[in-house]
Amino acid sequence: MKYKLRKLSKYQFIRAIQSFERDGNLIKIICDNAKIQISFLNEQMIRVRITNKEFGKDYSYAVIKNNWPEVQLTISEEEDQIIIITSQLQLRIRKKLFHLTIHDSEGNIINQDAGFGGHAWHDKEVICFKQMLPNEHYYGFGEKSRKLDKRKNDFVNWNVDAMMYNHKTDPLYVSIPFFIGLNEGRAYGIFFDNSFKSFFNMGKKLKDIYYFGAVEGELNYYFIYGPAIKEVINLYTALTGRPYFPPKWALGYQQCKWSYKTEKEVRDVANELRKRKIPCDMIVLDIDYMDGFRVFTWNKKRFPDPKKLMADMRDKGFKIYLIVDPGIKVDKNYKFYNKIMEQELYCKRKNGKPFYGWVWPGKCVFPDFTRETVREWWGNNLKAYLDEGIAGIWNDMNEPSIESGNVINTLFRKVSTADVLHYDNALNSRHAKIHNVYALFMCQATQDGLLKLQPNKRPFIITRAGYAGIQRYTAIWSGDNTSSWLHLKLSVSMLLNMGLSGIHFCGADIGGFAASLMHPRKIFFKLDPTLYARWIQLGVFYTFSRTHTMTGTRPQEPWQFGKKVEEISRNYIKLRYRLMPYIYTLFHEAHTQGLPIMRPLILEYQDDKRCVTLDDEFLFGSQLLVVPITKKRIKKQKVYLPAGKWIDYWNKKEYQGPKEIEIDITIENIPIFVKGDSIIPLQPDMQYIGEKPINPLILDVYPSGFSEYTLYEDDGDTLNYQKGEYCETKYECILEDSNIIFKIGLPKGSFHPEKRDYEIRFNCLDEIPKKIVLNGIELTLESDKLNFDKNNKILTIKFPDEKKATKIELAL
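No experiment lies behind these values; they were computed from the predicted model shown.

1. Quick notes on the pairing of strand S7 (residues 81-85)
- Burial within S7 is extensive, with four of its five residues counted as buried.
- Pairing between strand S6 (residues 74-77) and S7: four bridges, direction antiparallel. Counted as the bridge partner of Ile75 is Ile84 from S7.
- Hairpin geometry of S6 and S7 is characterised by an intervening segment of three residues between the two adjacent antiparallel strands.
- In this structure, S7 lies alongside strand S8 (residues 89-94), joined through five bridges in antiparallel fashion. The residue bridging Ile83 from the neighbouring strand is Arg92, located in S8.

2. Brief notes about the nonpolar core
- Counting residues in hydrophobic clusters, the biggest one holds 234 residues, and the most contacted among them are Tyr385, Phe742 and Phe762.
- No other element matches the nine residues that helix H10 (residues 485-500) contributes to this core.
- Residues Phe98, Phe179, Met202 and Tyr221 belong to the second largest nonpolar core, which totals 43 residues.

3. As for the environment of Asp616
- Looking at the secondary structure, you find Asp616 in the loop between helix H15 (601-604) and strand S38 (618-620).
- Using a relative accessible area of 33% as the deciding quantity, one classes Asp616 as partly exposed.
- Each C-alpha atom, one on Asp616 and one on Lys638, is 10.0 Å from the other, the two residues being 22 residues apart in sequence.

4. Some points on the sheet that holds strand S37 (residues 598-599)
- A sheet is described by the order of its strands in space; here six strands give the open sequence S37-S38-S39-S42-S40-S41, paired in antiparallel fashion. Each of the sheet's edge strands pairs with one partner strand only, and the pair in question is S37 and strand S41 (654-664).
- Summarising the sheet, strand S39 (residues 624-626) and strand S42 (residues 672-675) pair through three bridges and their orientation is antiparallel. Bridge pairing links Leu624 to Val674 in S42.

5. Here we look at unusual backbone geometry
- Cis geometry marks the peptide bond from Asp170 to Pro171; its omega dihedral reads 0°.
- Residue placement: Pro171 occurs in the loop between strand S14 (154-157) and strand S15 (174-175).
- A cis amide bond links Asn695 to the next residue, Pro696, at an omega of 5°.
- Phi at Asp123 is positive, roughly 55°, even though this residue is not glycine.
- Inspection of the secondary structure assignment puts Asp123 in the loop between strand S11 (119-122) and strand S12 (125-131).
- On the accessibility criterion, Asp123 (67% relative accessible area) is exposed.
- At Lys793, a residue that is not glycine, the phi angle is positive and equals roughly 60°.

6. Quick word on the packing of helix H13 (residues 563-578) against helix H14 (residues 580-593)
- Relative to each other, H13 and H14 sit at 60°, their axes nearing to 5 Å. Judged by the angle between their axes, H13 and H14 are oblique. Packed against H13, whose contacting residues are Arg576, Tyr577 and Arg578, the element H14 presents Met580, Pro581 and Ile583 at the interface.
- For the contact of H13 with H14, a count of residues per class yields four nonpolar, no polar and two charged.

7. Overview of the side chain of Asn42
- For Asn42, the position within the fold is in the loop between strand S4 (35-40) and strand S5 (45-51).
- Within the structure, Asn42 has its side chain in polar contact with the backbone nitrogen of Gln44 (distance 2.7 Å).
- Within the structure, the side chain of Asn42 is placed 2.8 Å from the backbone nitrogen of Met45, a separation counted as a polar contact.
- Look past the residues within four positions of Asn42 in its chain and what remains in contact with it is Trp68, Val71 and Leu235.

8. Quick notes on the state of the cysteines
- One pass over the full model with this rule turns up zero disulfides.
- Free cysteine Cys443: the closest other cysteine sulfur is in Cys506, separated by 14 Å.
- Judged by its relative accessible area of 0%, Cys443 falls in the buried class.

9. Thoughts on the packing of aromatic side chains
- Taken as a whole, this structure holds 63 aromatic pairs when the rule is applied.
- For the ring pair Phe369 and Trp378, a centre distance of 5.2 Å and an interplane angle of 85° mean the geometry is edge-to-face. Taken as a pair, Phe369 and Trp378 share a single burial class, namely buried.
- Seen in terms of ring centroids, Tyr582 and Phe620 are 6.3 Å apart; in terms of plane orientation they differ by 50°. Their pairing is tilted. One end of the pair, Tyr582, is in helix H14; the other, Phe620, is in strand S38, with 38 residues separating them in the sequence. For the pair Tyr582 and Phe620, one class covers both residues: buried.
- In this structure, Lys57 is placed above the aromatic ring of Tyr59, and the distance from its NZ or CZ to the ring centre is 5.9 Å.
- The residue whose ring lies beneath Lys197 is Trp158, and the NZ or CZ to ring-centre distance is 5.2 Å.

What counts and how
Residues numbered from 1 in each chain as written. Predicted model: local features only at pLDDT ≥ 70, side-chain atom pairs only at ≥ 80, totals over all residues. Heavy atoms only, no water. Buried < 20%, exposed > 50% of the residue type's maximum accessible area, 1.4 Å probe, protein only. Helix = DSSP H or I, 4+ residues; strand = E, 2+ residues; numbered from the N terminus. Pairing = 2+ DSSP bridges. Core = buried A, V, L, I, M, F, W, Y, C linked by side-chain atoms within 4.5 Å. Axes fitted to C-alpha atoms, helices over the stretch in contact; angles between N-to-C directions. Parallel < 35°, antiparallel > 145°, perpendicular 65-115°, else oblique. Contact = heavy atoms within 4.5 Å. Nonpolar A, V, L, I, M, F, W, Y, C, P; charged D, E, K, R; others polar. Polar contact = N/O pair within 3.5 Å; in protein donor to acceptor, adjacent residues only side chain to side chain. Disulfide = S-S within 2.5 Å. Phe/Tyr/Trp six-rings, centres within 6.5 Å; stacked < 30°, edge-to-face > 60°. Lys NZ or Arg CZ within 6 Å of the ring centre and 35° of its normal.

As structure tokens, then:
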């Protein structure tokens with residue numbers, strides 16, 4: 001599905017400017033053969049709209065923030081150019097042949113059109129050519145199965161069912177036409193808001209030129225200047241919507257397969273997880289829970305009493321969520337089919353007849369989610385699940401997949417969508433325009449329905465497909481990967497780029513979903529135990545952490561691979577649960593600022609050239625550095641540590657970056673490093689989120705200069721945090737002149753955590769401090785508040801959390 005660039009002579013480029021005028025934040029430009037609108041959303045962000053006809057209805061599926069304050073602009077006109085200046089940017093627009101160059105406030109070129117012309121079209125196709133700076137690198141693009149840096153790559157955005165994809169497969173399930181450019185430490189973003197099939201070529205085809213465009217639609221893009229990558233992401237998610245804030249239990253570990261086909265299988269796996277003390281919050285039901293794959297139904301032979309099963313699972317600390325596909329089976333004895341037909345809620349062909357596709361149930365109609373009444377109908381149908389006690393919804397097959405479900409459908413059904421129409425705000429848009437946003441509307445319908453049915457409960461939704469803005473509604477997993485070392489490695493760069501594209505809640509199937517011709521082992525034998533061990537060690541750091549496998553393959557529960565791998569799995573899942581206060585705070589940061597949780601090093605170390613292409617290690621938040629092991633036979637691993645002090649999490653050995661080190665590797669662990677000035681909140685071991693109060697609240701402190709950290713807490717389940725019912729507590733640590741001062745600030749917010757103790761662990765102390773003072777009272781080793789572990793160099797101080805300002809002083 002590659003895009004083929006035409007000869008440049010075939011494109012019509014924008015010619016000379018005739019006139020321009022200002023209307024508030026909007027600059028209107030009339031050219032010989034085009035109309036241009038340049039909108040200033042703020043001092044760092046502009047929108048460019050271009051048409052060779054008349055502008056159509058200004059409507060976006062992705063953009064939700066349209067009201068921006070007036071921007072102070074200085075506009076001047078010279079003989080050959082128009083200059084527009086904000087406090088952050090300078091736009092220089094050449095008159096003779098429309099050409100746009102963007103400078104920062106110091107005059108550095110940040111982005112410019114190609115010398116031969118920047119904006120053009122051919123028939124319905126629109127395209128934009130940009131000059132590629134010599135040291136420019138590109139990130140983002142949503143879900144793409146290649147390396148972190150996308151320079152010299154090309155992509156197409158068209159959601160497809162890409163089962164068993166590999167590192168060359170494109171496109172995949174999700175289309176996010178957004179990327180971040182980085183040149184000499186200065187970052188910008190471009191969001192091309194066009195839902196038709198779009199394409200990006202980042203210097204692969206033309207020397208020193210990158211281009212993007214679409215087969216149809218408007219040339220409409222947003223330019224976002226940082227200069228920090230974090231600021232680009234912040235503004236992009238302000239524009240398209242902040243990542244949604246899931247319930248806390250959704251951050252736990254999940255056990256899934258296609259399928260736990262009966263109630264007995266669900267109970268058995270739940271009992272094994274609890275018996276073996278492997279923490280888990282969710283068990284997932286794939287398509288076989290349904291009656292003949294009819295959505296909103298149950299197979300009562302397999303699941304005779306779903307409500308009792310859900311209640312029993314809740315008693316054990318498990319939540320159950322299940323898969324829901326958009327296809328509605330054609331069956332006159334099926335009430336949901338009858339309803340969709342009676343009310344004409346389906347997608348139609350141009351002649352008004354229903355559009356049919358072929359998926360799991362066979363012949364299906366598909367809801368037209370672009371209609372509000374359809375979304376309401378869909379959302380109301382979810383009551384059938386909630387009444388049984390289901391905790392979340394897994395939207396699958398929503399690219400939409402229309403030729404799948406079995407070999408006959410996949411190989412022999414050829415379903416055309418060329419004449420399919422969607423309501424689309426009374427525009428009656430063709431499927432070519434709606435295809436990439438179909439899943440976005442389905443997830444909106446799901447979230448709206450869950451909020452209507454449970455008004456004060458945070459929804460939990462995951463999806464396979466999506467478009468820009470999908471982060472408002474749902475988590476995403478990377479589709480039907482394979483059980484291979486290649487996919488273990490691919491998952492890192494894929495998830496890092498998804499995070500840079502605004503999708504904070506994402507993961508890959510741990511252990512791999514499918515077998516393949518290259519990796520058929522798990523059809524006949526159990527998955528390579530070493531591969532599963534390495535995947536679970538990485539997977540606990542996915543924000544969406546789920547083991548899953550395909551029907552017809554061997555089971556992938558952690559105990560299926562022998563005692564050693566079971567113990568490794570248990571230890572790493574327990575580590576995730578201990579880190580939950582840290583993880584939950586990161587999710588809140590993502591919700592308010594758009595920042596990813598899995599982070600490429602370049603996000604935090606933007607000026608470090610070693611980090612520009614580095615994607616075989618990543619940061620979990622800003623304080624933990626994780627190095628996955630993605631090769632089977634490995635005894636040593638090189639690790640790059642950026643500037644600052646770093647501590648080996650396992651042996652507490654200290655390193656000073658920037659430097660590359662080589663460390664010994666065992667099967668039991670992967671390398672994890674803690675940033676030297678970190679304060680990391682932890683909780684005691686739990687089998688599931690909320691099993692017991694967080695008591696004590698543990699703070700892992702690594703003194704180095706000045707550091708601070710703010711812990712976020714709320715009830716973890718409701719929307720009350722939006723009314724101020726949360727608690728933020730600030731911690732500070734200062735190491736200066738052989739003295740450590742640690743402060744706990746007064747909690748802010750109206751949420752009050754349960755009564756608890758503090759356990760403060762000061763790491764990397766060679767010997768016990770000469771003097772230890774807690775709130776003005778000196779403590780001695782005889783105190784039950786103190787413990788010093790000489791071997792691990794940790795001083796622990798325990799005391800009640802009295803919800804007041806607290807100060808600890810250590811004289812080293």
